[in-house]
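# Summary of structural features
Residues per chain are reported as follows:
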Amino acid sequence: MEAIRLLTNAVETFRARSVDGLIADKERCEALIEISMAMVTALTPFIGYDRAAEIAQESSDTGRTIRQILPRLESAPPKTKLERVPRPASMTCAR
């Protein structure tokens, strides 16, 4: 019981001193999602694993986002297919 009390106190102290008042920077979060290599995962069913890996590598090398690279590709799927690709917010628990 003592261990449970100590853990409870530790969690409450952490919450009060570290978590309360934190506000997410929405623009920064969106920017981080856009440069995330996970974004290319949603494209794999449309362009295949090898092509998706190439795009991910180019993004990593150039610092450009997947959305910036994709339109200039000759083998890019049509816009109608890309509209069905999940948006980042739908791939997370934060909606």
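Here, every reference points to the structure presented above.
About the thresholds
- Residues numbered from 1 in each chain as written.
- Predicted model: local features only at pLDDT ≥ 70, side-chain atom pairs only at ≥ 80, totals over all residues.
- Heavy atoms only, no water.
- Helix = DSSP H or I, 4+ residues; strand = E, 2+ residues; numbered from the N terminus.
- Buried < 20%, exposed > 50% of the residue type's maximum accessible area, 1.4 Å probe, protein only.
- Areas by Shrake-Rupley, 256 points an atom, 1.4 Å probe, with all protein chains shown as cover.
- Core = buried A, V, L, I, M, F, W, Y, C linked by side-chain atoms within 4.5 Å.
- Contact = heavy atoms within 4.5 Å.
- Salt bridge = Lys/Arg side-chain N within 4 Å of Asp/Glu carboxyl O.
- Patch = residues over 30% accessible without salt bridge, like charges linked within 9 Å, V, L, I, M, F, W, Y side chains within 5 Å.

### Some thoughts on the overall build of the chain
A count of helical and extended segments in the chain gives six helices and zero strands. Element order for the chain, N to C, with α for helix and β for strand: α-α-α-α-α-α. Among the 95 residues that make up the chain, the fraction classed as buried is 19%. In the form shown here, the chain has an accessible surface area of approximately 7,400 Å², with 59% of it arising from carbon and sulfur atoms.

### Structural notes on the nonpolar core
In terms of nonpolar packing, the biggest core is built from 10 residues, these being Met39, Val40, Leu43, Ile47, Ala52, Ile55, Ala56, Ile66, Ile69 and Leu70. For this core, the leading source of residues is helix H4 (residues 49–62), giving three residues. For Val40, the contacting residues outside a window of four places in its chain are Ala52, Ile55, Ala56 and Ile66.

### Some words on the side chain of Thr65
Within the fold, Thr65 resides in the loop between H4 and helix H5 (66–69). Looking at Thr65, the relative accessible area reads 13%, which means it is buried. The contacts of Thr65, once residues within four sequence positions are left out, are Glu34, Ile35 and Ser59.

### Overview of the pattern of salt bridges
In a structure, side chains of opposite charge can pair up when their charged atoms sit close to one another. The final tally for this structure, using the stated rule, is five salt bridges. In this structure, Glu12 engages Arg15 in a salt bridge whose closest nitrogen and oxygen atoms are separated by 2.9 Å. In this pair, Glu12 and Arg15 are both assigned in helix H1 (residues 2–19), three residues apart and thus about one turn of the helix distant. Residue Glu54 is joined to Arg51 by a salt bridge in which the shortest nitrogen-to-oxygen separation is 2.4 Å. Residue Glu54 and its partner Arg51 are both found in helix H4; the two are separated by three residues, about one turn of the helix. On the basis of relative accessibility, which here comes to 45%, the residue Glu54 falls in the partly exposed class. The network of salt bridges with common partners includes Glu12, Arg15 and Asp20.

### Here we look at a nonpolar patch on the surface
A contiguous nonpolar patch, built from Phe14, Val19 and Leu22 and spanning about 320 Å² of accessible area, is present on the exposed surface. In this fold, Leu22 is placed in the loop between H1 and helix H2 (26–34). Residue classification places Leu22 among the exposed positions, given a relative accessible area of 65%.

### A word on the environment of Thr44
Mapped onto the elements, Thr44 comes out in helix H3 (residues 44–47). Of the residues examined, Thr44 reaches a relative accessible area of 24% and is grouped as partly exposed. In this structure Thr44 touches Tyr49 and Ala52, once residues within four positions along its chain are discounted.

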